[in-house]
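Observations on the model geometry
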Amino acid sequence: MGIAAAIVIVPMGVVFFISGLFINLIQAVCFVLIRPFSKNIYRRINRIVAELLWLELVWLVDWWAGVKIKLYMDPEAFRLMGKEHALLIANHRSDIDWLVGWILAQRSGCLGSALAVMKKSSKLLPVLGWSMWFSEYLFLERNWAKDENTLKSGLQRLRNYPQPFWLALFVEGTRFTQAKLLAAQEYAASAGLPVPKNVLIPRTKGFVSAVNHMRSFVPAIYDVTFAIPKSSPAPTMLRIFKGQSSVVHVHIKRHEMKDLPENDDAIAQWCRDIFLAKDKLLDGHIAEDTFGEQTLQNVGRPVKSFVVVTSWACVLTIGAIKFLQSTALFSSWKGLAISAGLLAVVTVLMQILIRFSQSERSTPAKPNRVNQHSGNRQEKQH
């Protein structure tokens, strides 16, 4: 992290981590005192509290970096967003796909109940990961023998969720890079599968489990496709912290859950077919730099995140001034050393967040073996 970037990032980090620790404390108190007696009341409170933290990252994208998100979606499906439970399956194109998802959830009024299936190490992220854990994100180890029961129990807990939620599932299992694409292409060629050009091979076991356990209470699947136009640099957390804009195109197609097949193998094949269609859709986007004639929806830029960040900054600034006046912290070398140490900790934490989001540092997921037997494709763990 350069000095110029640090001058901007560190003050942001101080606000984010101090406010985040306060949010985590409220979440922990509610988890201990309220959740044992009423899970629904806890969820309603946590939905509001978590949003006060997550809106700070929405502000970074919307107002600080000015990232432009163009949503291509059928108007009728667009009107249902945020008004129903939904399972989201998406390609994992950039470092901030999850943040773009948060922004769309915020526009739809369900940011506080936007959930995801994530790798287990994510919950160890200071502040952000802790808030996700309190919000009932599902954390997996990428080992199906260990993850099957974890996923099953996590999905069953969502059955009585009191407000519309989204559960995002990145079925490719890892973020897209050219190296991972090459590995996926080599595997597809050796296994006699269609060779992808713009996506990785989906890992369908988790998707099949999600459909089987959510079919009775989740009415829709949102097929989400992320793309970066050729004229825009790829968005990263570091670029966002520096205030550098990008453009992200998002295509969403809504599918009725009831229309999916009942058989596990057929469900898995449905997912693979979706990614074949997604690959062709991205071919068209590469050629035209747009998602064709699909309706472009206006997602706007609400001021709510701006108000929240401004409020946090004012409250913490006033609190810091009063604290410094009462303690005279900067009047001694010891106080200066403590302050410098705290800033160093914040700098390290921000660096961890940046590195965690980088696709080059993500762990590639091993594809499932897919074989054909009498015309039916069956998966085995690779």
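Preceding block: the structure.
Residues numbered from 1 in each chain as written. Predicted model: local features only at pLDDT ≥ 70, side-chain atom pairs only at ≥ 80, totals over all residues. Heavy atoms only, no water.

**Thoughts on the sheet that holds strand E3 (residues 114–119)**
Read across the sheet, 8 strands follow the order E4-E3-E5-E2-E6-E7-E1-E8 without closing on themselves; strand pairing throughout is mixed. Strands at the two margins of the open sheet, each flanked by one partner only, are strand E4 (138–140) and strand E8 (296–297). Sheet topology places strand E2 (residues 86–90) next to strand E6 (residues 220–227); 5 bridges connect them, and they run parallel. By the bridge assignment, Leu88 is partnered in E6 with Tyr222. (Pairing = 2+ DSSP bridges. Helix = DSSP H or I, 4+ residues; strand = E, 2+ residues; numbered from the N terminus.)

**Observations regarding the environment of Val247**
Position of Val247 among the secondary structure elements: in strand E7 (residues 247–256). Remark: the alpha-carbon pair of Val247 and Ala227, spanning 20 residues in sequence, is separated by 9.0 Å. Not counting the four nearest positions on each side in its chain, Val247 is found in contact with Lys68, Ile228, Pro229 and Ser232. (Contact = heavy atoms within 4.5 Å.)

**A word on the pairing of strand E5 (residues 166–169)**
Because side chains alternate across E5, one face comprises the buried residues Trp166 and Ala168, and the other comprises Leu167 and Leu169, equally buried. Strand direction decides the pairing type here: E3 and E5, joined by 3 bridges, are parallel. Bridge assignment links Ala114 to a residue of E5, and that residue is Trp166. (Buried < 20%, exposed > 50% of the residue type's maximum accessible area, 1.4 Å probe, protein only.)

**Some thoughts on the nonpolar core**
Counting 99 residues, the largest nonpolar core has Trp102, Phe207 and Val250 as its most contacted members. At 10 residues, the largest contribution of residues to this core is made by helix H2 (residues 39–64). (Core = buried A, V, L, I, M, F, W, Y, C linked by side-chain atoms within 4.5 Å.)

**Notes on the side chain of Asp62**
Inspection of the secondary structure puts Asp62 in helix H2. Under the relative-accessibility criterion, Asp62 is labelled buried at 4%. If we ignore the near neighbours within four places in the chain, the residues touching Asp62 are Ile103, Arg107 and Arg301.

**Concerning the environment of Arg35**
Take Arg35: it is sitting in the loop between helix H1 (3–33) and H2. The class of Arg35 is partly exposed, set by a relative accessible area of 23%. Ignoring anything within four residues of it in the chain, the contact list for Arg35 reads Cys30, Tyr42, Glu136 and Arg157.

**Points about helix H10 (residues 264–288)**
It helps to recall that an α-helix has 3.6 residues per turn; residues three or four apart then point in one direction. Its 25 residues place the ends of H10 36 Å apart at the C-alpha level, agreeing with the 36 Å of an ideal helix rising 1.5 Å per residue. When we look at burial in H10, the residues that qualify are Ile267, Ala268, Gln269, Trp270, Cys271, Arg272, Ile274, Phe275, Lys278, Asp279, Leu282 and His285. You can read the cap of H10 off the contacts: a side-chain oxygen lies 2.8 Å from the backbone nitrogen of Asp265, and it is on Asn263. Of the residues flanking the end of H10, it is Asp289, one or two places downstream, whose phi is positive at about 60°. (Expected span 1.5 Å × (residues − 1). Polar contact = N/O pair within 3.5 Å; in protein donor to acceptor, adjacent residues only side chain to side chain.)

**Section: the packing of aromatic side chains**
This model, assessed by the stated rule, comprises 15 aromatic pairs. Ring centres of Tyr72 and Phe291 lie 5.4 Å apart, and the angle between their planes is 75°; on these two criteria the pair is classed as edge-to-face. In this pair, Tyr72 is assigned in strand E1 (residues 68–73) and Phe291 in the loop between H10 and E8, connecting sequence segments 219 residues apart. Phe291 shares its class with Tyr72; the two are buried. With a centroid separation of 5.8 Å and an interplanar angle of 5°, the aromatic rings of Phe207 and Trp270 are classed as stacked. (Phe/Tyr/Trp six-rings, centres within 6.5 Å; stacked < 30°, edge-to-face > 60°.)

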